[in-house]
Amino acid sequence: RGAALVEFAIIAPLLLLLVFGIIEFGRAYNAQNSLTHAAREGAREYAISQDPVAGEATALAAATSLDSTQITATLSACVPGDPATVTLEYPFQLQIAFFPISNITMQSQGVMRCGG
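What counts and what doesn't
- Residues numbered from 1 in each chain as written.
- Predicted model: local features only at pLDDT ≥ 70, side-chain atom pairs only at ≥ 80, totals over all residues.
- Heavy atoms only, no water.
- Disulfide = S-S within 2.5 Å.
- Helix = DSSP H or I, 4+ residues; strand = E, 2+ residues; numbered from the N terminus.
- Buried < 20%, exposed > 50% of the residue type's maximum accessible area, 1.4 Å probe, protein only.
- Pairing = 2+ DSSP bridges.
- Axes fitted to C-alpha atoms, helices over the stretch in contact; angles between N-to-C directions.
- Salt bridge = Lys/Arg side-chain N within 4 Å of Asp/Glu carboxyl O.
- Contact = heavy atoms within 4.5 Å.

A. Broad picture of the state of the cysteines. In total, this model carries one disulfide according to the counting rule given. Through a disulfide, C78 is tied to C114; the S-S separation comes to 1.7 Å. Note on the C78 and C114 pair: the S-S dihedral is about 90°, so by sign convention the disulfide is right-handed. You can see C78 sitting in the loop between strand 1 (72-75) and strand 2 (83-93) and its partner C114 sitting in the segment after strand 3 (103-113), a full 36 residues away along the chain. On the accessibility criterion, C78 (18% relative accessible area) is buried.

Okay, structure coming up:
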């Protein structure tokens, strides 16, 4: 009579871990996609305008689903004809209880030729 309850007690934690793992992976994938998009937009603006302040501001504004106050932007020198690089870093926190890795630093890079 109690066999089904015992089997459920054994399987339930594994199923919950699987479901919450899928949800957290989706959150992390969305954050990485947003960071990549923001780096590309920042690199495009920086390569066209050759203004590092405008490139950084565009990159931070493009990361709409992320907390832009936590994004760290690093821009390379913009010499016409050479690649202009915008590198963004974002601290991502997993929200799975009892998981040993809870903080991940995501990084993305956008590169475009400076001056057009």
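Next comes the rest of the account.
B. Seen up close, the sheet that holds strand 1. The antiparallel open sheet is built from three strands, whose spatial order is 1-2-3. Edge positions in the sheet fall to strand 1 and strand 3, since each of these pairs with one other strand and no more. Each strand axis lies, on average, 15° off the axis of its neighbour in the sheet, ignoring direction. Strand direction decides the pairing type here: strand 1 and strand 2, joined by four bridges, are antiparallel.

C. Inspection of the pattern of salt bridges at higher detail. One pass over the full model with this rule turns up one salt bridge. Note that R27 is salt-bridged to E24, the shortest N-O span being 2.6 Å. Placement of the pair is R27 and E24 together in helix 1 (residues 3-49), with a separation of three residues, close to one helical turn.

D. Highlighting unusual backbone geometry. With a phi angle near 55°, Q50 is a residue other than glycine that sits in the positive phi range. Looking at the secondary structure, you find Q50 in the loop between helix 1 and helix 2 (52-62). Given the relative accessible area of 37%, Q50 is considered partly exposed.

E. Representation of the environment of L35 in the model. Checked against the element boundaries, L35 lands in helix 1. In this structure, the C-alpha to C-alpha distance between L35 and I71, residues 36 residues apart in sequence, is 8.9 Å. If we skip the residues at most four places from it in the chain, L35 touches L66, I71, L88, Y90, M106, Q107 and S108.

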